[in-house]
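# Inside the fold
Letter by letter, the chains look like this.
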Amino acid sequence: MNSEPLDTEPCITIAATSLDDGDVACVVAAEPVATFSLVARWGPSRLPVAVPESATIAGLKRLLQDMTGVPVHRQKLVGLVKGKLPADDAVVASLSLPAPKAGEDAPSFLLMGTADAALFKDPVKVTKMSDALDDTGGEDIDFTAVNMPKGARDVYTPVVVEKLIQYAKKTTINFINEPRPGKRLLVLDLDYTIFDCKAVASNPQDLLRPGTHEFLAAVYQHYDIAVWSQTHWSALEAKVTDTGLISHPAYRLSFVLTKSAMFSVTTTLKDRSLKHQVKALAIIWAKLPQYSAKNTIHVDDLGRNFALNPHSGVKVSQWRRSPESVANDVEMRLLRRYLLHLCKMPDLSASSHKNWRKVAATLPDHPVNHTIKMKDYQREYLDFCVEAKVLQFGKFTLKSGRESPYFFNAGLFNTGALLLKVGQFYAAAVLDNLDVFQPTVLFGPAYKGIPLVATTAVALAAQGHDFPYVFNRKEAKDHGEGGNLVGATVLRGERALIVDDVITAGTAIRESFPLLRDANGAVVAGVLVAVDRQEKGRGERSAIQEVQEDMGVPVRAIVTMADIMTYLESKGGHEQVLADMRAYREKYGI
């Protein structure tokens, strides 16, 4: 688990020398360490970093932790290399680092992450979560293109035009991920649109609106995603990092904007004038001319933010977290349908989005693509599962009574050789999602999770990642070591990754939470399973969605139903099975 330590100390040379009285003394000389320079852009700061030539990614992160107070597990290094950041044991100097930007002497990258002192406050100590700015205050106006208050269109005064020019010049857009050619742009508000910044939660992911990750995964196929929040940088950075928006495997944020890119306008109403802040999309369009009113959509809970771009605005209801809203809110599902429907239109500004919910209610659900692209280990895993007859195709009656065109039986990993091999695939998935889970210990729920967590730990150790592991008994022992847990039982403050075969009803996973979190003081970092069938349970959500949304932790699978279909398509000769799977997905898919 731990990478090689960073060699930041100077090399030490020890030599013996004779003194005049015949004694021998040791002379210690420090040789300077060869370094090279990087620049870390962290919020408004630009931090020069002298990096030893032998330093690994892990060592660089420890340097940054010392400089900023941002813990290693919370850091995201964006733009250090093109594409995904290499493993922690990669030597930084050996990477293809970017060329220095104009006016800079060293390559630069974006450091995202929040220092411990600036994190969300302990909900036990506060009554509501703090935020940099409450953007719900004041009167709201629905500036979508239909039924706007009379006179509200007269916003583009000479003063406003001058502000647009000034803010377009002074606003800098730093890319987290470069825009993709041919994609539309989704500008997404954060507070009260997808995140309840005033609610109380020990895990920030609990405060996301249900279905947010699924919504973003679906629309990412067609839209670049930008978050524009009426908050300060420190608050925005904490939210997108700690909610997993910045590191989700199924979508990528392109860039973020804060309140510093907003300015005030005065709207003249029939009986009064109203001064308020706006999000002027023209600032983005001036910086990024590939986007315009024709291919940009802006989703926000405040209609007044659309004042300068009413034909681009989709107004959603405010998200306030409660047991009832968690169970009943379907805004993200409707919005997913609507934005995918808009992809068919050549000009998004040609029609009003005032009645978008009515349109969405008439549209079919689209299956969510939970993966960006199949990885080599996923294809090899499916080859392995088919050869071991763990994955079979035909007609199978499930416990739910549904007739499925495929069946996955993890119980057939029943020999030493098979168990050894499946551990290697679980380990690959852990490492592939390491920035999402950030685990410090592995946990296997009884009973099927026990051999899986053990073989995963062995496979990870073989690759230099020596995680402790632990599993539970169904019944506590009152003799010997006693208790419910076996293995690395000192868990307080650890981040436990739950490793299991599948989630059907989610009972074993849910029972693990109080065992780990309440009884032993661990944080549940996430759940990793063998396969995600991506189908509805008793309600509209899948079992994995229920665990992910209700328990507030990321859930990942080595492969999904979509991956299995992609695999069959690539193999060829499976047209009937694929037709049956598409029909099954149409009927039961999420």
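Placed above this text is the structure.
Presented here is a report on the structure given in the accompanying data block. (Residues numbered from 1 in each chain as written. Predicted model: local features only at pLDDT ≥ 70, side-chain atom pairs only at ≥ 80, totals over all residues. Heavy atoms only, no water.)

### Focus on the packing of helix H15 (residues 561-571) against helix H16 (residues 575-588)
Note the cut-off: The axes used here are C-alpha line fits, helices contributing only the stretch in contact, and every angle between their N-to-C directions lies in the interval 0 to 180 degrees. The numbering of helices and of strands both runs from the N terminus, where a helix is a DSSP run of H or I of at least 4 residues and a strand a run of E of at least 2. When describing relative orientation, an angle under 35 degrees is termed roughly parallel and one over 145 degrees roughly antiparallel, while 65 to 115 degrees is termed roughly perpendicular and anything else oblique. Working rule for handedness: look at the near helix, and if it is turned counterclockwise from the far one by less than a right angle, call the crossing left-handed; if clockwise, right-handed. Contacts were defined at the residue level, with two residues in contact if any of their heavy atoms lie within 4.5 Å.
Remark: H15 packs on H16, axes separated minimally by 10 Å, with the N-to-C direction vectors making an angle of 160°. When the axis of H15 is compared with that of H16, the two are roughly antiparallel. For the element pair H15 and H16, the recorded crossing hand is left-handed. Residues Met561, Ile564, Met565, Leu568 and Glu569 of H15 form the contact with H16, whose participating residues are Val577, Leu578, Met581, Arg582, Tyr584 and Arg585.

### What about empty space enclosed by the protein?
Put simply, the rule reads: Grid spacing is 1 Å over the protein atoms alone, the probe is 1.4 Å, and a cavity is where that probe fits but cannot get out, while a pocket is an open set with protein on both sides within 12 Å along at least five of seven lines and lining residues have an atom within 4 Å of a point. Grid points are joined across faces, edges and corners, and a volume is the space filled by probe spheres set on the points. Note that Gly is not counted as nonpolar here; it falls among the polar residues with everything else outside the nonpolar set of Ala, Val, Leu, Ile, Met, Phe, Trp, Tyr, Cys and Pro and the charged set of Asp, Glu, Lys and Arg.
One pass over the full model with this rule turns up 2 cavities of 30 Å³ or more. Roughly 170 Å³ of internal volume is contained in the largest cavity. Looking at the largest cavity, it is lined by 15 residues, and the ones nearest its centre are Gln205, Leu208, Arg209, Gln548 and Glu549. Of all the elements in the fold, those that place two or more residues in the lining of the largest cavity are helix H3 (212-219) and helix H14 (543-551). Residue composition of the lining of the largest cavity, grouped by class: 4 nonpolar, 6 polar and 5 charged. By volume, the second largest cavity is sized at about 40 Å³. Around the second largest cavity, the lining residues are Gln205, His213, Gly244, Ser247, His248, Val436, Gln548, Pro554 and Arg556. For the lining of the second largest cavity, a count of residues per class yields 2 nonpolar, 6 polar and 1 charged.

### What about helix H1 (residues 57-68)?
It helps to recall that an α-helix has 3.6 residues per turn; residues three or four apart then point in one direction. Let me state the cut-off plainly: To estimate how far a helix should extend, the number of its residues minus one is multiplied by 1.5 Å. Exposure categories follow from relative accessible area, calculated using a 1.4 Å probe and restricted to protein chains: below 20% of the type maximum is buried, above 50% is exposed, and the middle band is partly exposed.
With 12 residues, H1 should cover 16 Å at 1.5 Å per step; its first-to-last C-alpha distance of 16 Å lies within 8% of that length. Every buried residue of H1 is accounted for by Ile57, Ala58, Gly59, Leu60, Lys61, Leu63, Leu64 and Thr68. Considering only its buried residues, H1 is in contact with strand S3 (35-42), strand S4 (45-52), strand S5 (76-78) and strand S6 (108-112). Where H1 ends, the next residue or the one after it, glycine 69, has phi of about 85°, a positive value.

### A few points about the sheet that holds S3
Going by this rule: In short, DSSP must find at least two bridges between two strands for them to pair.
An order of S4-S3-S6-S5 is seen for the 4 strands of this open sheet, with the pairing classed as mixed. The open sheet terminates on both sides in strands that have one partner only, identified here as S4 and S5. If you compare each strand with its neighbour and ignore which way they point, the axes differ by 35° on average. Direction of pairing for S3 relative to S4: antiparallel, over a ladder of 8 bridges. Of the residues in S4, the one forming a bridge with alanine 40 is leucine 47. Together, S3 and S6 form the strand contacts of helix H4 (residues 233-242), whose direction differs from that of S6 by roughly 75°.

### Notes on the pattern of salt bridges
Short version of the rule: Salt bridges are identified by distance alone: a Lys or Arg side-chain nitrogen within 4 Å of an Asp or Glu carboxyl oxygen.
Within this structure, the stated rule accounts for 12 salt bridges. In this structure, the salt-bridge partner of arginine 209 is aspartate 329, at a minimum N-O distance of 3.0 Å. Residue arginine 209 is found in the loop between strand S7 (184-188) and H3, and its partner aspartate 329 is found in the loop between helix H6 (323-328) and helix H7 (331-342); the two are separated by 120 residues along the sequence. By the burial criterion, arginine 209 is buried, and aspartate 329 matches it. In this structure, the salt-bridge partner of arginine 533 is glutamate 535, at a minimum N-O distance of 2.7 Å. Residue class for glutamate 535 comes out buried when judged on its relative accessible area of 11%.

### Some words on helix H9 (residues 376-387)
What counts is decided by this rule: The arc in question is the one traced by the directions running from the helix axis out to the C-beta atoms.
Counted at 1.5 Å a residue, the expected span for H9 with its 12 residues is 16 Å, and the 17 Å between its end C-alpha atoms agrees. Of the positions making up H9, those classed as buried are Tyr377, Gln378, Tyr381, Leu382, Phe384 and Cys385. What you see down the axis of H9 is that its buried residues fit within an arc of 160°, all on one side. Along H9, exposed side chains directed more than 90 degrees from the buried face belong to Asp376 and Glu387.

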